[in-house]
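Inside the fold
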Amino acid sequence: MLSSPLRPAVHLLLAALLLVAGVGAAEPGTLRGLDDLTRARIALVAGSSHDEHVARRYPQAQVLQFKATPDVVLAVSTGKADVAFLALESVREIARTTPNLAILVPEAYRSPMGAAFRPDDTTLRPAYNAFVRGLRESGVYEAMQQRWFKEGARDLPPLPPRGQGPVLRLGITASKGLPWTGVRNGAFTGFEVELAERFAASLGRPLELVDLDVSGQIAALASGRIEAIACLLVMTEERRKRVAFSDELIAFVACVVTRQDRIAGAAPAATATPTPEAGLPLGQRIRANLVDEGRYRLILEGLFVTCVISVLATLFGTVFGGVVCAGRMSPRPLLRQAAAVYIWCLRGVPVLVVLMIIYYVLFASFHVSPILVAAVAFGLNAAAYIAEMLRSAIQSVDRGQLEAGVAGGFTRAQAFRLIVLPQALRQVLPVYKGEVISLFKMTSVVGYIAVQEITKAGDIIRSRTFDAFIPLLVTAAIYLVLAWLIAWALERVELRVTPPHQRQGTGAAP
Amino acid sequence: MITVRGLRKRFGHLEVLKGVNCEIRKGEVISLIGPSGTGKSVFLRCLNLLERPTAGEILIGDQPLLDPATDVPALRRRMGMVFQHFNLYAHLTVLGNITLGPVRLLGREPAAAIARARELLALVGLAHKAEAYPDQLSGGQKQRVAIARCLAMDPEIILFDEPTSALDPTMVSEVLAVIRNLARHGMTMVIVTHEMAFAEAISTRVFYMDGGEIHEEGPPAVIFGEPRRPLTQAFIRRIRRLTLQITDDAYDLYALNAEIERFGARHVLPPRTTEDLLSLVEELLALQPSRADVRLELAYAERDGRVELVCSARGEPTDVLAPGSGADDLAIRLIRGRTEEVRYAREGERNVNTLLVRAAR
């Protein structure tokens, strides 16, 4: 039947299929306690302390790593994960909006938390420890804990005025959610934010908060983007090797949550719904996601940032793409080679990686606006593609066109500009349109470098409402409309430069 | 107005021009003729430096074209060029094509340039196509626009690079008529062409190019009427040749026949002539006492349809076609019946029979 060399491959395929089917068919049983986690699907935030804990304690478990707390919550409430590890404080806040979650184990483990500094730091860390001691002695610290963790405060209290000196840049994670850090009415708020504000005020320096994912904090600290990590981190062994922690501020209590209907002995989940938000009426959900706490402002600001990055990147990418194309077609072998290597690199490396290299490596020690960094990164990427488009468009123009111009008395440069280039540009427009739209959509990843564009705005809203549906749908709709607008505008240009008798062919809107 | 001395052009290892010398005077119409691949177009393109010569000298008026100090674009403005593939600017209308040079290079007012363009379009018979784009024109129309585009620059000379080679046969005449009209008005022109009748009719002088040089030049009456050199004669009479070599008595007659049939098909010989050739070759070879070294040469003159078959065989002196030579009389009669003339000559150690194949009617 089958030739023998094929047989092992077939077996492997069958095994893979069985594995996939087996995973898919896993019957969600009920859970009783920590012992049931051994083979469970555990959701947690990538780079968080849970990661280390789970890897050590439950090596058999299937770990699902997510970027931020809301994704973890969604994973559990939709059944993609069996349980999640979360901070106890976060769970209190989450329980308000996601009623079908329940605490399986209130305290899975406990560990100290603190702010983090560079290992070689000798001034900021002692100052911070002294500041916290002062805060405790004056009773302010206790009041803060009371307010954020017990009373569930949502807004910052009146704070001491900011100073005048050099800016103090501290890292926070807005997607961590309240009571730690969140966004309300377009501003950061939360326990950590208040702490950071008070610390900066005690130093007499103005504060700038840099919003990074948990996994990006330590890299940003090492590269000098931020001076300290103000979002409190659990002091794990792994982290101690990379950063110097402050004295313990608070004990971190990790708890395990699961869906209510998964807990043994719970009432049959007749009323349990697959998604937490589905129970609320749509109008209320839209209101909660877009209107409450001025969330539409987050979206509008994100939209503005997305547009700024897209426009700057397109302009820079087009101009620089022209330069690279000129190099690629230069008579000098060295220039040609350089341009070819540039194109090869930028087309071979994902734009997100380029973005992070520029942000964390190249511009590590300069404080350039991340929006500018994003525009440069996307521009560099687009330039590689645009250069190749231009080159093939120019090469597709018949050589005779240039010859006719030169024979007619034009210099080569004139003939190129007046005769070849207009034809090449007309040719390149349809592909260029695609490139601009894809660039525009690719900007959705700049959240990685602490830019609050529209996707990130959606993420932040999700971190408060734990509703995946509305923020993602609104984000998608905005992208769709803008992409359509870009296509429409470029098609107008296409139409203008196409002679009337050739127009039927172009797919331009009427 | 153009003097060329010792012009050489080499592409890699291939030397296309091997020392061209000539003089072109004002008011002359020069036709460049010759087989393909002999450097006619390259020579023409050297005249306005679209190709850079490897060696030699070109004077336009008294300005050395190859001198680095020479303003080449300025010189080119005085020399128009018409291409085989028209090369109209695809993104511009007919008017745009004609006015681009005058406005950008000669500093003409756009309105004046457009008025002049319309005059020129009327001259080439395309006044109604002023607003059309090149892709809306036929080949002949495109070429006429290209000529108008040249004229708009008020050139002192126009170089035509096979202006009708890319045209449908039905459109050749409209373009030739325009060029003929220019010749009548005293425009200096150099024309690379395969249109012999046209070249004969309008040229003041004809350059026959072969092997990378001007092989023979002269007035059209001489070049087309009584060319002196054999290569020129062969070209003018359009003689096509086929040489077949037999080295063995056991030759492959079918392969031989296939080659003759292919030759006939390629040069569109009348079917009867091809049939005659097949039987002539077969009989001739049968008559040879030895087929160890027989060379057959076929020559077909397109101009008058003459077909000549030369059979050259090494061996003892004997004319296999002489009556009563002891050979097969039937075969000889068959050969005589298919030829108009048969000659015999002894050349060195070879017997040479030259047969003029009867004309097919």
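Above this text is the structure in question.
Residues numbered from 1 in each chain as written. Chains lettered and ligands numbered in written order. Predicted model: local features only at pLDDT ≥ 70, side-chain atom pairs only at ≥ 80, totals over all residues. Heavy atoms only, no water.

Structural notes on the overall build of chain B
When helices and strands are tallied, chain B shows 12 helices and 15 strands. For 361 residues, the compact-globule formula gives about 21 Å, and the C-alpha radius of gyration of chain B, at 27 Å, lies well above that figure. Here the contacts in chain B between residues at least 6 apart in sequence split such that 64% fall between residues at least 24 apart. About 16500 Å² of surface is accessible on chain B, with carbon and sulfur atoms providing 49% of the total. Across chain B, the centroid of the 46 positively charged side chains sits 5 Å from that of the 47 negatively charged ones. (Helix = DSSP H or I, 4+ residues; strand = E, 2+ residues; numbered from the N terminus. Rg over C-alpha atoms; globule rule 2.2 N^0.38 Å. Contact = heavy atoms within 4.5 Å. Areas by Shrake-Rupley, 256 points an atom, 1.4 Å probe, with all protein chains shown as cover. Lys, Arg positive; Asp, Glu negative; His and termini not counted. Charge placed at Lys NZ, Arg CZ, Asp CG, Glu CD.)

A closer look at the sheet that holds strand β10 (residues 213-218) of chain B
Residues and elements named next belong to chain B. Read from one edge of the open sheet, 6 strands run β6-β7-β8-β3-β9-β10, paired in mixed fashion. Sheet topology places β6 (79-82) and β10 at the edges, where each strand pairs with a single neighbour. Direction aside, the axes of adjacent strands within the sheet are offset by 20° on average. Inspection of the sheet shows strand β7 (residues 157-161) paired to strand β8 (residues 188-192) by 5 bridges, in the parallel sense. Counted as the bridge partner of Ile-158 is Met-189 from β8. Here helix α6 (residues 169-184) sits on the sheet in contact with β3 (29-33), β7 and β8, set at roughly 145° to β8. (Pairing = 2+ DSSP bridges. Axes fitted to C-alpha atoms, helices over the stretch in contact; angles between N-to-C directions.)

Examining the packing of aromatic side chains
According to the stated counting rule, one finds 15 aromatic pairs over all chains in the structure shown. Taking the centre distance of 4.9 Å and the plane angle of 50° together, the rings of Phe-149 of chain A and Phe-191 of chain A count as tilted. Taken together, the residues Phe-149 of chain A in helix α6 (residues 140-150) and Phe-191 of chain A in helix α7 (residues 191-203) connect sequence positions 42 residues apart. There is no split in this pair, since Phe-149 of chain A and Phe-191 of chain A are both buried. Note on Tyr-208 of chain B and Phe-235 of chain B: the rings are 5.3 Å apart at their centroids and 40° apart in plane angle, and the pair reads as tilted. Of this pair, Tyr-208 of chain B sits in strand β9 (residues 205-210) while Phe-235 of chain B is found in helix α9 (residues 230-236), placing the two residues 27 residues apart along the sequence. Phe-235 of chain B gets classed as buried once you look at its relative accessible area, which sits at 17%. A connected cluster of aromatic rings, assembled from ring pairs, spans Tyr-58, Phe-85, Tyr-109 and Phe-252 of chain A. Over the ring of Tyr-89 of chain B we find Arg-149 of chain B, and its NZ or CZ is 4.4 Å from the ring centre. (Phe/Tyr/Trp six-rings, centres within 6.5 Å; stacked < 30°, edge-to-face > 60°. Buried < 20%, exposed > 50% of the residue type's maximum accessible area, 1.4 Å probe, protein only. Lys NZ or Arg CZ within 6 Å of the ring centre and 35° of its normal.)

Digging into the side chain of His-215 of chain B
Mapped onto the elements of the fold, His-215 of chain B is located in strand β10. Among all residues touching His-215 of chain B, those that are not within four sequence positions of it are Tyr-208, Met-209, Asp-210, Arg-229, Leu-231 and Thr-232 of chain B.

Observations concerning the environment of Leu-88 of chain B
Note on placement: Leu-88 of chain B falls in the loop between β6 and α3 (94-105). Between the C-alpha atoms of Leu-88 of chain B and Leu-106 of chain B, which are 18 residues apart in sequence, the distance is 19 Å. Other than its neighbours up to four places away in sequence, Leu-88 of chain B contacts Gln-401 of chain A together with Asn-97, Pro-134, Leu-137, Lys-142, Val-145, Ala-146 and Arg-149 of chain B.

Structural notes on the packing of helix α11 (residues 295-328) of chain A against helix α14 (residues 370-396) of chain A
Residues and elements named next belong to chain A. Running from N to C, α11 and α14 cross one another at 40°; their axes reach a closest spacing of 5 Å. Our classification of the angle between α11 and α14 gives oblique. The two elements α11 and α14 cross, and the hand of that crossing is right-handed. Per-class residue counts for the contact of α11 with α14 are 21 nonpolar, 5 polar and 3 charged. (Parallel < 35°, antiparallel > 145°, perpendicular 65-115°, else oblique. Left-handed = near helix turned anticlockwise from the far one by under 90°. Nonpolar A, V, L, I, M, F, W, Y, C, P; charged D, E, K, R; others polar.)

A word on the interface of chain B and chain A
With 23 residues of chain B at the contact, the number on the chain A side is 23 residues. A combined buried area of about 1800 Å² lies between chain B and chain A, and 59% of that area is made up of carbon and sulfur atoms. Between Glu-403 of chain A and Arg-45 of chain B there is a salt bridge; the shortest N-O distance is 2.5 Å. Only α2 (72-77), β6 and α3 of chain B provide two or more residues apiece to the side of chain B that touches chain A. Counting residues per element, the side of chain B that touches chain A draws most heavily on α3 of chain B, which supplies 4 residues. Of the residues that constitute the side of chain B that touches chain A, the class distribution is 12 nonpolar, 5 polar and 6 charged. (Buried area = accessible area lost by both parts, 1.4 Å probe. Salt bridge = Lys/Arg side-chain N within 4 Å of Asp/Glu carboxyl O.)

Brief notes about the pairing of strand β5 (residues 168-172) of chain A
Residues and elements named next belong to chain A. β5 sits mainly inside the fold: 5 of its 5 residues count as buried. Alternating positions in β5 separate into two faces, Leu-168, Leu-170 and Ile-172 on one and Arg-169 and Gly-171 on the other, with burial throughout. Pairing of β5 with strand β9 (residues 228-234) involves 2 bridges; the strand directions are parallel. Residue pairing in the sheet places Leu-170 in a bridge with Ala-228 of β9.

Examining the pairing of strand β2 (residues 62-66) of chain A
Residue and element names in this part refer to chain A. Bridge count between strand β1 (residues 41-45) and β2: 5 bridges; the pairing is parallel. Each residue of the ladder has a partner; that of Ala-43, found in β2, is Leu-64. For the crossover that starts at β1, traverses helix α2 (residues 49-57) and ends in the parallel β2, the hand is right-handed. (Right-handed = clockwise from strand over helix to strand, strands pointing away.)

Notes on the pattern of salt bridges
Under the definition given, this model contains 40 salt bridges over all chains. With its nearest N and O atoms 3.2 Å apart, the salt bridge here joins Arg-314 of chain B to Asp-293 of chain B. Of this pair, Arg-314 of chain B sits in strand β13 (residues 307-314) while Asp-293 of chain B sits in the loop between α11 (271-287) and β12 (294-301), and the two are 21 residues apart along the sequence. Here Arg-314 of chain B falls in the partly exposed class, since its relative accessible area comes to 44%. Each member of the salt-bridge network shares a partner with another, and the members are Arg-399 and Glu-403 of chain A together with Arg-45 and Glu-51 of chain B.

Some details on the side chain of Thr-443 of chain A
Residues and elements named next belong to chain A. Considering the arrangement of structural elements, one finds Thr-443 in the loop between α16 (412-442) and α17 (454-465). Thr-443 sits in the buried class, given a relative accessible area of 0%. Not counting the four nearest positions on each side in its chain, Thr-443 is found in contact with Thr-306, Ile-309, Ser-310, Phe-378 and Glu-453.

Some thoughts on the environment of Pro-271 of chain B
In this fold, Pro-271 of chain B is placed in helix α11. Separated by 60 residues in sequence, Pro-271 of chain B and Ala-331 of chain B have C-alpha atoms that sit 22 Å apart.

A few points about helix α12 (residues 329-338) of chain B
Residue and element names in this part refer to chain B. Buried within α12 are the following residues: Ala-331, Ile-332 and Ile-335. Seen end-on, α12 carries its buried residues on one side only, within an arc spanning 100°. Exposed residues pointing more than 90 degrees away from the buried face of α12 are listed as Leu-330 and Arg-333. Along its buried surface, α12 packs onto α11, β14 (339-347) and β15 (350-357). (Arc of directions from axis to C-beta.)

Regarding the sheet that holds strand β2 (residues 14-24) of chain B
Residues and elements named next belong to chain B. One open sheet accounts for 4 strands, arranged β2-β1-β4-β5; its pairing is antiparallel. Each having just a single partner strand, β2 and β5 (63-64) make up the two edges of the open sheet. As paired elements, strand β1 (residues 2-11) and β2 share 8 bridges and run antiparallel to each other. In the sheet register, Val-4 faces β2, and the bridge partner there is Cys-22.

Thoughts on empty space enclosed by the protein
All names here are of chain A. What the rule picks out here adds up to 7 cavities of 30 Å³ or more. The volume enclosed by the largest cavity comes to roughly 260 Å³. Residue lining of the largest cavity: 23 residues in total, with Ser-48, His-50, Lys-176, Val-214 and Phe-252 positioned closest to the centre. Of all the secondary-structure elements, those providing two or more residues to the lining of the largest cavity are α2, β3 (83-87) and β9. (1 Å grid on protein atoms, 1.4 Å probe; cavity = no way out; pocket = protein on both sides within 12 Å on 5 of 7 lines; lining within 4 Å. Points joined across faces, edges and corners; volume = space filled by probe spheres on them.)

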